[in-house]
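Spelled out from the first residue to the last, the chains are:
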Amino acid sequence: MSIELTDEQIRSVLQGISVPPQPQIMVDLQMEQVMPDPDLRAIARLISQDPGLSGALLKTVNSPFFGLANRIASIQQAVNLLGCNSVINLINAQSIRGELTDAAIVTLNRFWDSAQDVASTCLTLAKRIGHPSPDEAYTLGLFHNCGIPLMLTRFPEYMAVLEEAYASVGADTRITDVENRVLNTNHAVVGYFVARSWKLPQHLCEAIANHHNALALFNDEWSDPQIKTLLAILKMAEHICACHRVLGEQPEDHEWDAVAQLVLEYVGLSGYDFECQRDSIRELGVG
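Our next topic: the pattern of salt bridges. A full pass over the atoms with the stated rule returns six salt bridges. The closest approach of N and O atoms between R41 and D39, which form a salt bridge, is 3.7 Å. When the shortest N-O distance is used, the salt bridge between K235 and E238 registers 2.6 Å. Of this pair, K235 and E238 are both found in helix α15 (residues 225-240), three residues apart, which corresponds to roughly one turn of the helix. Like E238, K235 is buried.

Structure, rendered in structure tokens:
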């Protein structure tokens, strides 16, 4: 399921939303990444120049998901452990925060926490079900909702719309349907353009675009299995992290109810197996 839009359609979809460019530190890191042997010391020096990025990196590497016996306080150690790709993902995520006003950042505290929790949960699930690219699952978890903060910069009432969307979702209504009706665009397609502008792999961009379209994809036998597997991991992670409560302020996860059976069948988990995974992951500090 490929998304190809004309320039005019793109302008219409974004409606004045500014997609943040990659920050200069990102460009410098990518130049290092394409070298035959990336210099992790140079990468650590670049990150150390930015207190915000340094703090985000240390917070991630010291999270319960890495299960380290001792806390890491060194940027160099953190870079060595995470590697180039994960470090670059974190910096991209932080650059979105840099585009926001202080008031928007306060409003979106729950979004930042949720993004990191979902990413870590995706990584854990991907490893446990034997997915060959757990780093991609982590990337999708981190960026699947990257359109949300940009929607808030364009539409101050956006969080109320998002809560209405989570309340309305079901077998016949997607979260993005409500956003489209009220705002004529939605966070999934905005996130797609952010991911594409940052040159994430195309299948990840399409997974971001379709992450609230999972029911249709899992009912379509011709859907790309690579995207379906990533979305299955994401849907399980969102449910485990209770995104319906954190982002949607809803007591019930209506979206999970609509896709759960198809998702679990696709990855070969019984309901009991999934509950065991959910409980053990939540014991790590999520939910």
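Our next topic: the packing of helix α8 (residues 134-143) against helix α13 (residues 202-209). At a minimum axis distance of 10 Å, the contact between α8 and α13 shows a crossing angle of 40°. The orientation of α8 relative to α13 falls into the category oblique. As α8 packs across α13, the resulting crossing turns out to be right-handed. Contact with α8, carried on its side by E136, T139, L140 and F143, involves H203, L204, A207 and I208 of α13 and no other residues of that element. In the contact of α8 with α13, the residues fall into five nonpolar, two polar and one charged.

By the element assignment, F111 lies in helix α7 (residues 109-128). Taking the C-alpha atoms as reference points, F111 and P149, separated by 38 residues in sequence, lie 8.1 Å from one another. Setting aside anything within four residues of it in sequence, one finds F111 in contact with N145, C146, I148, P149 and L247.

Moving on, we come to helix α17 (residues 254-267). Here α17 spans 20 Å end to end across 14 residues, near enough to the 20 Å set by a 1.5 Å rise per residue. When the local axis directions of α17 are compared, the greatest deviation, roughly 50°, occurs at A260. Regarding α17, the residues found buried are E255, W256, V259, A260, V263, L264 and V267. Close packing links the buried residues of α17 with α11 (175-183), α14 (214-218), α15 and α18 (271-282). G268 lies just past α17 and shows a positive phi near 75°.

What counts and what doesn't
Residues numbered from 1 in each chain as written. Predicted model: local features only at pLDDT ≥ 70, side-chain atom pairs only at ≥ 80, totals over all residues. Heavy atoms only, no water. Salt bridge = Lys/Arg side-chain N within 4 Å of Asp/Glu carboxyl O. Helix = DSSP H or I, 4+ residues; strand = E, 2+ residues; numbered from the N terminus. Buried < 20%, exposed > 50% of the residue type's maximum accessible area, 1.4 Å probe, protein only. Axes fitted to C-alpha atoms, helices over the stretch in contact; angles between N-to-C directions. Parallel < 35°, antiparallel > 145°, perpendicular 65-115°, else oblique. Left-handed = near helix turned anticlockwise from the far one by under 90°. Contact = heavy atoms within 4.5 Å. Nonpolar A, V, L, I, M, F, W, Y, C, P; charged D, E, K, R; others polar. Expected span 1.5 Å × (residues − 1). Bend = angle between axes of the 7 residues up to and from the residue.

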